[in-house]
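What follows is each chain in one-letter form.
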Amino acid sequence: MPGLHDDRSDLADRLRERGITDERVLAAMSAVPRELFVPEDVAGEAYADVPLGIGQGQTISTPWIVAFSAAALGEFPAGARVLEVGTGSGYGAAVLAACGASVVTVERHPELAEQARRTLAATGYGDVAVRTGDGLAGAPDLAPFDGIVVTAMAQRRLPPALLEQLAPDGVLLCPVGDGAEGTLVRHHRDRDERLADVRFVPLVPGAPSD
Ligand code: SAH
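An account of the accompanying structure is given in this report. (Residues numbered from 1 in each chain as written. Predicted model: local features only at pLDDT ≥ 70, side-chain atom pairs only at ≥ 80, totals over all residues. Heavy atoms only, no water.)

**Re the pattern of salt bridges**
Phase 1 of the analysis: In total, this model carries twelve salt bridges according to the counting rule given.
Phase 2 of the analysis: With a shortest N-O distance of 3.1 Å, Arg14 and Asp10 are connected by a salt bridge. Here Arg14 pairs with Asp10, and both are found in helix 1 (residues 4-17), just four residues apart, close to one helical turn.
Phase 3 of the analysis: A relative accessible area of 30% places Arg14 in the partly exposed class.
Phase 4 of the analysis: Since its relative accessible area comes to 34%, Asp10 is described here as partly exposed.
Phase 5 of the analysis: Three or more residues joined by partner-sharing salt bridges are found here, namely Asp13, Arg16 and Glu23. (Salt bridge = Lys/Arg side-chain N within 4 Å of Asp/Glu carboxyl O. Helix = DSSP H or I, 4+ residues; strand = E, 2+ residues; numbered from the N terminus. Buried < 20%, exposed > 50% of the residue type's maximum accessible area, 1.4 Å probe, protein only.)

**Section: the site of the ligand**
Phase 1 of the analysis: Looking at the ligand, there are 25 residues lining it, with Ser89, Glu107, Asp134, Gly135 and Val204 nearest.
Phase 2 of the analysis: Here an oxygen atom of the ligand and a side-chain polar atom of Glu107 are 2.7 Å apart.
Phase 3 of the analysis: In isolation the ligand offers 590 Å² of accessible surface; the protein chains occlude 98% of this area.
Phase 4 of the analysis: For the shell around the ligand, the secondary-structure elements that each account for two or more residues are strand 2 (58-60), helix 4 (91-98) and strand 4 (102-107). (Near = heavy atom within 4 Å. Polar contact = N/O pair within 3.5 Å; in protein donor to acceptor, adjacent residues only side chain to side chain. Areas by Shrake-Rupley, 256 points an atom, 1.4 Å probe, with all protein chains shown as cover.)

**Overview of the state of the cysteines**
Phase 1 of the analysis: Scanning all chains against the criterion turns up zero disulfides.
Phase 2 of the analysis: Cysteine Cys99 is unpaired, with the sulfur of Cys174 as its nearest cysteine sulfur at 19 Å. (Disulfide = S-S within 2.5 Å.)

**Structural notes on the pairing of strand 4**
Residues in a regular strand project their side chains so that they alternate between the two faces of the sheet.
Phase 1 of the analysis: Extensive coverage of strand 4 is indicated by the burial of five of its six residues.
Phase 2 of the analysis: Relative to strand 4, strand 3 (residues 81-85) is paired through five bridges, and the arrangement is parallel. Residue Val82 lies in a different strand from strand 4, and its bridge partner there is Val103.
Phase 3 of the analysis: In this fold, the crossover linking strand 3 to strand 4 by way of helix 4 has right-handed handedness.
Phase 4 of the analysis: Note that strand 4 and strand 5 (residues 129-132) share four bridges and pair parallel. When the sheet's bridge partners are listed, Val104 is paired in strand 5 with Ala129.
Phase 5 of the analysis: Each parallel crossover has a hand, and for strand 4 linked through helix 5 (residues 110-122) to strand 5 it is right-handed. (Pairing = 2+ DSSP bridges. Right-handed = clockwise from strand over helix to strand, strands pointing away.)

Set out below in structure tokens:
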């Protein structure tokens, strides 16, 4: 019977076919049990390259975009400080940690942040610091960051506070667009590169009102 584990062992090959060549990222994608980061009723689809609902109207990013983003950060030394904005399920943060980064991640929905904390602890990624709050403000007390990965669509421009919290040689990856549609931008040493057309849930300022 093909089990979930078989799907994971197959994931690196499928990502390789789609152009991911960074071996450290491929190893991280093979190591993190994605099925434990999605709700039980969709665990059977955990390795399909589709966004899945995780509650609060939010989605877990597809394996491809998670791998592509981690690879787009480039080489970094073990323990490099990486900020993720938009924890969601915690899966992306776990992949960054499995790549060797020291990760702090910020989520505006307290319920998602709490669930992500539990999942990260249960899967061996309890070192990831999960904060509840507005990720548009970054984490100034822990700045500067070697890498910043934004996993929700910034509206029209790169968030200024995040640019300020980037180390001089750091890399900021952020989807920028209008609503849910836009372009994944890589900012490095005052240069912006457009990497891919992407869809993400919008980056929403402030705390949830409900
Ligand atoms: N990296 C996540 C993807 C989550 S989707 C994963 O691997 O599962 C994007 C997330 O960004 C959602 O959970 C959403 O609630 C969150 N988000 C949106 N605006 C935010 C903001 N201003 N600050 C922090 N999180 C935000």
